[in-house]
Amino acid sequence: MKKGIIISVAAVILLIGLFVFSSQYRGYREEHYNTSAAYTTKTTEAPETATEATTVKPQGVVAESKNGDYKVVVDGETVTVVHGDYKAQMDFWYWGICNEAPQIYVGNYDENGREVAVIRVLNGIYPDATDSTKTVKTHSLFLFRPEKDEKGEKKLGWIVADSNTWKKPFNDAIKCEFTQLKSCEKILQFAMDNKKDKIEYDEKTGITTNKYAGFASVSKNENGKYYTMKAWSKNVGDYTFDEKGNINLSVQILIQYNEYDLVEEIGYINCQMHVRNNKFDIKPNTIKFNASPGHLANDPRKSAKEDWQITITNSSEAPGNTTKTISWIDCNFDVSSLSGNQTQYFSELDSQIKYIDSITFCRDKIVFTAKSGYNFSSSLINSRSFKIVSNEGTDKEIDIGYDCYVEKNGEKNTLVLTFDRGYTQKQLKNISVHFGR
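Residues numbered from 1 in each chain as written. Predicted model: local features only at pLDDT ≥ 70, side-chain atom pairs only at ≥ 80, totals over all residues. Heavy atoms only, no water.

I'm lost on the overall build of the chain in this one. Help?
Counting secondary structure elements, the chain contains four helices and 29 strands. Across the chain, the fraction of contacts at a sequence separation of at least 24, relative to all contacts at a separation of at least 6, is 61%. Carbon together with sulfur atoms contributes 46% to the accessible area of the chain, which is approximately 21,200 Å² in total. (Helix = DSSP H or I, 4+ residues; strand = E, 2+ residues; numbered from the N terminus. Contact = heavy atoms within 4.5 Å. Areas by Shrake-Rupley, 256 points an atom, 1.4 Å probe, with all protein chains shown as cover.)

Here's what the structure looks like:
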């Protein structure tokens, strides 16, 4: 399992209390975005952190924009953002700057269409909720633009995006739900709609009938049984910039299971940010759920309905061997390129695929038929020790396997490996099968 830790009973109780909208993300508590040209600011203490950080004491220019137009200057513990004759004193940044240099991006972020600066500043370092040996960082964003106060004096006005900025839309306007499918317990479903709307589900499958959904796969225990979800939460949220300077938000999603006191990162809610009505807000129609690596899953709503079948027969004789138990199969096929039933020689292949008489690929399963006298390992069947991997070794690698069992076919045993949904032949372009070690 990726990124999972055992937590104490007390921690479980705490987590359950936080699971609706987690407050583990504790950034700046500024609530002072401004609605007029006369900006006001207030100084706050450096944020509490749940872990010690190695700090340095930087001085002078610690960050500047690509063209040098905006600078962050530290003098003692005084922090100033400088843009020509325009300045803003941001002393409460000092803790963050001691632990990480700020980032400055200049672009058309302002809703008025003028070029302004957005500065990303560290605001917290916390233990990773899924791995106590690691930490995670969170940041605030500050947009700066040149203004004049009521006396005509030059200053930099600013607005901020912190933890409350992204939490507010999810509390007030966006409804999100995580469920486990009835038709495939391997798959978790993220469904989303407007706060006022009800999210509907198919009674038989548990798949949402609403417009937007994202999917992830849960882990299995040592006996090959999928965990069942107990609760989920939005955990830390962080702002980043992409290569084009767009502002992105990633909100970590945690899952807790019924079977064990495990907390697991299942994925992220991702979206873009923009400035509207003089404040940072989530950009409409950009919210989506992305599963973490190792938890990627295909959309079950796109399951293929039409049956098809391709069979490969192994023409090689089974090599002489006293072992009649098949406990190791490794093979890779481009099923999409196969045309009709065909014959291949498996004798030169690694693994015990040499003892397979035929392989049949179908819409929803792969069937391995053993040569006469050979049997599949019952312990591996009982523990569901197998994977069917699509696009193995790439960032799009997905385990599309779901279940396995053995059937008797005359004097031969057949190993049936089922998919998590139906697939067309063209969709099975690069398929690796691992049974056993």
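So much for the structure itself; the text now carries on.
For this particular structure, what's the right way to read the nonpolar core?
Among soluble globular proteins, nonpolar side chains are generally buried collectively. Within the largest apolar cluster, 48 residues are counted, with the highest numbers of intra-cluster contacts made by Phe 178, Ile 266 and Phe 280. The contacts of Ile 266, once residues within four sequence positions are left out, are Phe 178, Leu 188, Ala 216, Ser 217, Ile 253, Ile 255, Tyr 257, Phe 289, Ala 291, Ser 292 and His 295. Listed in part, the 35 residues of the second largest apolar core include Val 335, Leu 338, Ile 400 and Leu 417. (Core = buried A, V, L, I, M, F, W, Y, C linked by side-chain atoms within 4.5 Å. Buried < 20%, exposed > 50% of the residue type's maximum accessible area, 1.4 Å probe, protein only.)

Teacher, can you tell me more about the packing of aromatic side chains here?
Note on aromatic pairs: each is described by the distance of the centres and the angle between the planes. All chains considered together, the criterion is met by 20 aromatic pairs. Look at Trp 93 and Phe 144: their rings are 5.8 Å apart centre to centre, the planes differ by 80 degrees, and that puts the pair in the edge-to-face class. In this pair, Trp 93 is assigned in the loop between strand E5 (86–89) and helix H2 (94–99) and Phe 144 in strand E8 (residues 131–148), connecting sequence segments 51 residues apart. Between the aromatic rings of Phe 178 and Phe 289, the centroid separation amounts to 5.2 Å while the plane-to-plane angle is 80 degrees, which identifies the pairing as edge-to-face. With Phe 178 in strand E10 (residues 174–180) and Phe 289 in strand E17 (residues 288–291), the pair connects residues that are 111 residues apart, well separated along the chain. (Phe/Tyr/Trp six-rings, centres within 6.5 Å; stacked < 30°, edge-to-face > 60°.)

Would you explain the sheet that holds strand E26 (residues 398–399) in this entry?
Two orientations exist for strands paired in a sheet by backbone hydrogen bonds: parallel and antiparallel. Read from one edge to the other, the open sheet built from four strands follows the order E20-E29-E25-E26, with strand pairing classed as antiparallel. If you trace the sheet from one side to the other, it starts and ends with strand E20 (328–333) and E26, each paired once. (Pairing = 2+ DSSP bridges.)

It is not clear to me how the sheet that holds strand E9 (residues 154–161) should be interpreted in this structure. Could you clarify?
One open sheet accounts for four strands, arranged E6-E7-E8-E9; its pairing is antiparallel. Each end of this open sheet is capped by a strand with a single partner; those strands are strand E6 (103–107) and E9. Taken over all neighbouring pairs, the strand axes of this sheet differ in orientation by 30 degrees on average, direction set aside. Bridging between strand E7 (residues 116–128) and E8 involves eleven bridges; their strand directions are antiparallel. Of the residues in E8, the one forming a bridge with Pro 127 is Thr 135. (Axes fitted to C-alpha atoms, helices over the stretch in contact; angles between N-to-C directions.)

Help me understand the layout of surface pockets in this model?
Vacant regions in the atomic arrangement are exposed by a probe of water-molecule size rolled over the atoms. There is about 620 Å³ of room inside the largest pocket. Considering the residues around the largest pocket, the lining is formed by 25 residues, among which Ser 217, Lys 220, Gly 294, Lys 387 and Asp 399 are closest to the centre. Mapped onto the lining of the largest pocket, the elements with two or more residues apiece are strand E25 (386–390), E26 and strand E29 (431–436). Sort the elements by how many residues they give to the lining of the largest pocket and E25 lands first, with three residues. As a volume, the second largest pocket reaches approximately 490 Å³. Ile 174, Met 192, Asn 194, Asn 285 and Ile 287 are, among the 15 residues lining the second largest pocket, the residues nearest its centre. Looking at the lining of the second largest pocket element by element, the count peaks at three residues for strand E11 (residues 187–194). Of the residues belonging to the lining of the second largest pocket, the class tally is eight nonpolar, three polar and four charged. (1 Å grid on protein atoms, 1.4 Å probe; cavity = no way out; pocket = protein on both sides within 12 Å on 5 of 7 lines; lining within 4 Å. Points joined across faces, edges and corners; volume = space filled by probe spheres on them. Nonpolar A, V, L, I, M, F, W, Y, C, P; charged D, E, K, R; others polar.)

These values are about where atoms sit, not about what they do.
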